[in-house]
Amino acid sequence: MPELPEVETARRGIEPHLVGKKIKAIDVRNGNLRWPVPVDAFNLLIGEKITSVERRGKYIKLLSKSGYMLIHLGMSGSLRILTEFQPPAKHDHIDLIMSNGTILRFNDPRRFGSWLFQAEPNSEHSLLVNLGPEPLENGFEARYLYNCSRKKTQSIKTFIMDSHVVVGVGNIYASESLFKSGIHPKKPAGKISLARYALLVDAIKAILQKAVDQGGTTLRDFTDSEGKPGYFKQQLMVYGREKEQCYVCHSMIKNIKLGQRSTFYCQECQK
Ligand SMILES: [Zn+2]
């Protein structure tokens, strides 16, 4: 599943090809995504110039003065830029065609992705209204997490994966940042001190920033915005390492389910 760093990588990849360009046509070959693609609304954008390409959580916004397209990659979606037309392959569901011939092509085998429309460029789509802060921005800090976790009995791992608390901390990054900060994933969020939240916030920021800098992480099938598959795999300390030795203390990495998600940790390093 594309996580925040992959989405940011996609945003950075497509941005220079789209900003300042006019939308010539939108070809929706299969609009049956997670929600039906609003083709009529998108047609209102034909002739408009894309003014910016932004990201909020795992959503990408293609803004124009009349509104924005809101794209989510879902489980298996990817975006690529074509500089000239190529016949669409299976699962290439949408082409956004610019007046200079550049095409933004959306591929999504599982069709859990979405392309939605919001009429006012400065208004928040309903899916964005209740999102927590961006993890790499200044509003995400220890005091904030500490305050919103008081009296919460849920595990710290499910707490930091809740997009109302903070966006973009997916399963891999939650496991990795809890390891880095030495916090047991099952520990109740409300029982964690401010000092330990400071370590956790630093860990989340460091791990996500590193992944963004590397251009995404671990997905075998991830394709970047220019269609080049594969990035260097970020070294993962615990995720996917069940029954292997902890790199720090050499005890065996465990894997438990928390909120139906695989959760990897070291019982010696994480308390
Ligand atoms: Zn360990």
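The model shown is predicted, which means the values in this text are computed figures rather than measured ones. (Residues numbered from 1 in each chain as written. Predicted model: local features only at pLDDT ≥ 70, side-chain atom pairs only at ≥ 80, totals over all residues. Heavy atoms only, no water.)

Q: Explain the environment of Leu-208 here, please?
A: Within the secondary structure, Leu-208 is located in helix α7 (residues 194-214). In sequence terms Leu-208 and Val-248 are 40 residues apart; their C-alpha atoms lie 21 Å from each other. The contact partners of Leu-208, leaving out residues within four places of it in the chain, are Pro-5, Pro-135, Leu-136, Gly-168 and Tyr-173. (Helix = DSSP H or I, 4+ residues; strand = E, 2+ residues; numbered from the N terminus. Contact = heavy atoms within 4.5 Å.)

Q: Would you explain the environment of Leu-128 in this entry?
A: Within the fold, Leu-128 resides in helix α3 (residues 126-129). With 15 residues separating them in the primary sequence, Leu-128 and Gly-113 have C-alpha atoms 15 Å apart. Filtering out sequence-adjacent residues up to four positions away, Leu-128 remains in contact with Arg-56, Tyr-59, Lys-61, Tyr-68 and Leu-70.

Q: Before we go on, may I ask you to explain the coordination of the zinc ion in this structure?
A: When four donors bind a metal tetrahedrally, each ideal donor-metal-donor angle is 109.5 degrees, and when six bind octahedrally, the ideal angles are 90 or 180 degrees. Those donors, Cys-246 (SG), Cys-249 (SG), Cys-266 (SG) and Cys-269 (SG), are the protein atoms that reach the zinc ion, and they lie 2.2 to 2.4 Å from it. Because the angles between the 4 donor atoms bound to the zinc ion fall within 97 to 115°, the donor set is best described as tetrahedral. In the primary structure, the donors to the zinc ion are separated according to the pattern C-x2-C-x16-C-x2-C. Linking Cys-249 in the loop between α7 and β9 (254-258) with Cys-269 in the segment after β10 (261-265), this pair joins segments that are 20 residues apart in sequence. Its relative accessible area of 30% is what places Cys-249 among the partly exposed residues. (Donors = N, O, S within 2.8 Å, 3.2 Å for Na, K, Ca; no water. Tetrahedral: all angles 85-135°; square planar, octahedral: opposite > 155°, others 65-115°. Buried < 20%, exposed > 50% of the residue type's maximum accessible area, 1.4 Å probe, protein only.)

Q: For this particular structure, what's the right way to read the confidence of the model for the protein?
A: When pLDDT is low, close inspection of the predicted coordinates is not appropriate. Mean pLDDT over the protein stands at 92; residues scoring 70 or higher make up 93%. Considering only residues more than four positions removed or in separate chains, one finds that residues 217-232, a stretch of pLDDT under 50, has 36 contacts. (pLDDT = per-residue confidence, 0-100.)

Q: Would you take a moment to explain the side chain of Arg-55 for this structure?
A: Looking at the secondary structure, you find Arg-55 in strand β2 (residues 52-56). Looking at Arg-55, the relative accessible area reads 19%, which means it is buried. In terms of polar contacts, Arg-55 uses its side chain to reach the side chain of Glu-8, at 2.7 Å. Of note is the side chain of Arg-55, whose polar atom sits 2.8 Å from the side chain of Glu-134. Apart from the residues within four sequence positions on either side, Arg-55 is in contact with Leu-4, Val-7, Glu-8, Arg-11 and Glu-134. (Polar contact = N/O pair within 3.5 Å; in protein donor to acceptor, adjacent residues only side chain to side chain.)

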